[in-house]
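Understanding the architecture of this molecule
Residues per chain, in single letters:
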Amino acid sequence: MRTDLSIKEDVLDELQWQPNIDETQIGVIVKNGVVTLSGTVDSYVKKREAENAAKSVFGVKAVAEDIEVQYGESFKKSDTEIALAAVNALKWNISVPSNKIEVKVENGWIYLTGEVMWAFEQNAAKKAVENLSGVKYVVNNITLKNSVDASNIEAKIKKAFERSADIDSKGITVKTEGHTVTLSGRVHSLKEKDDARRTAYYSPGVWAVDNELEVVY
């Protein structure tokens, strides 16, 4: 079992390895395998990359992310400017049905709402706006609504896990209730837990995923 000190050292090394992150701006605390990130960065992208870097370290059980996004005066945008940029970004993204998505901006936070047919559309909408200048955070409240039969979802997800080189399907139990999937069992890393959730969520007919997987090293 890894010590908190060794995990912290690896998280710091991983942050230093990221070309877009100034690791001196980010504080790292580790307790019982749970990593807490703090500090200030100048873009939402760097905030997300720091979280992903910590999740990739062996031994990390969870990540609590308290990083704040603060833009310099020359890069600050009003909520109206951010909203207009977000609407345009959604409009020009061919993977997003922009007529079904509503945008709300408060203090640099973008809130996306609406209904789409597929998970890739929901994900594409978030990616389309999170890199915009002035954005501090993106809350993706877009819901899924399609007519895919829910009866074969469980079997399809299990096959998807078996095809994946990054997921050990033997340790995962999949249960479905309508269009909601519950994952339980054990995985070997936080990244594998996230990969399992993402794989299940992108399966046709899935509207929600309850990820109860336990990370055991």
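Above this text sits the structure in question.
Predicted, not measured: the structure shown is a model, and the values here were computed from it.

This next bit is on the overall build of the protein. Scanning the protein from N- to C-terminus turns up six helices and 11 strands. C-alpha atoms of the protein, sized along the principal axes, occupy 50 × 50 × 20 Å. Within the protein, the proportion of its 217 residues that are buried is 38%. If you take every contact in the protein between residues at least 6 apart in sequence, the share linking residues at least 24 apart comes to 67%. Per element, the accessible surface of the protein, about 12,200 Å² overall, is 49% carbon and sulfur. Of the charged side chains in the protein, 28 are positive and 33 negative, and the gap between their average positions amounts to 4 Å.

This part takes up the nonpolar core. Core analysis: the largest hydrophobic core is formed by 57 residues, its most contacted members being Val 11, Val 35 and Leu 37. Beyond its immediate chain neighbours, meaning those up to four positions away, Leu 37 contacts Val 11, Ile 26, Gly 27, Val 28, Ala 50, Glu 51, Ala 54, Val 63, Ala 64, Glu 65, Asp 66 and Ile 67.

What follows concerns a nonpolar patch on the surface. Together, Met 117, Trp 118 and Phe 120 line one region of the surface with nonpolar side chains, adding up to about 280 Å² of accessible area. Relative to the helices and strands, Phe 120 resides in helix α4 (residues 119–130).

Where helix α3 (residues 79–91) contacts α4, the axes come no closer than 9 Å and their chain directions differ by 135°. One finds that α3 runs oblique with respect to α4. Judged by the sense of rotation from one axis to the other, the crossing of α3 with α4 is right-handed. Across the interface between the two elements, Ala 86, Ala 89 and Leu 90 from α3 touch Ala 125, Ala 128 and Val 129 from α4. Classifying every residue of the contact of α3 with α4 gives six nonpolar, no polar and no charged.

A word on the pairing of strand β9 (residues 180–187). As paired elements, strand β8 (residues 172–177) and β9 share six bridges and run antiparallel to each other. Each bridged residue has a counterpart across the sheet, and for Thr 173 the counterpart in β9 is Ser 184. Between β8 and the antiparallel strand that follows it, β9, lie two residues; Gly 178 among them carries a positive phi value of about 65°. Pairing geometry for β9 and strand β10 (residues 208–211), over four bridges, is parallel. Along β10, the bridge assignment pairs Leu 183 with Asn 211. Regarding topology, helix α6 (residues 190–201) serves as the crossover connection from β9 to the parallel β10, and that connection is right-handed. Pairing of β9 with strand β11 (residues 214–215) involves two bridges; the strand directions are parallel. Counterpart to Val 187 in the pairing with β11 is Val 215.

Here is what the cut-offs are and how they apply
- Residues numbered from 1 in each chain as written.
- Predicted model: local features only at pLDDT ≥ 70, side-chain atom pairs only at ≥ 80, totals over all residues.
- Heavy atoms only, no water.
- Helix = DSSP H or I, 4+ residues; strand = E, 2+ residues; numbered from the N terminus.
- Buried < 20%, exposed > 50% of the residue type's maximum accessible area, 1.4 Å probe, protein only.
- Contact = heavy atoms within 4.5 Å.
- Areas by Shrake-Rupley, 256 points an atom, 1.4 Å probe, with all protein chains shown as cover.
- Lys, Arg positive; Asp, Glu negative; His and termini not counted.
- Charge placed at Lys NZ, Arg CZ, Asp CG, Glu CD.
- Core = buried A, V, L, I, M, F, W, Y, C linked by side-chain atoms within 4.5 Å.
- Patch = residues over 30% accessible without salt bridge, like charges linked within 9 Å, V, L, I, M, F, W, Y side chains within 5 Å.
- Salt bridge = Lys/Arg side-chain N within 4 Å of Asp/Glu carboxyl O.
- Axes fitted to C-alpha atoms, helices over the stretch in contact; angles between N-to-C directions.
- Parallel < 35°, antiparallel > 145°, perpendicular 65-115°, else oblique.
- Left-handed = near helix turned anticlockwise from the far one by under 90°.
- Nonpolar A, V, L, I, M, F, W, Y, C, P; charged D, E, K, R; others polar.
- Pairing = 2+ DSSP bridges.
- Right-handed = clockwise from strand over helix to strand, strands pointing away.

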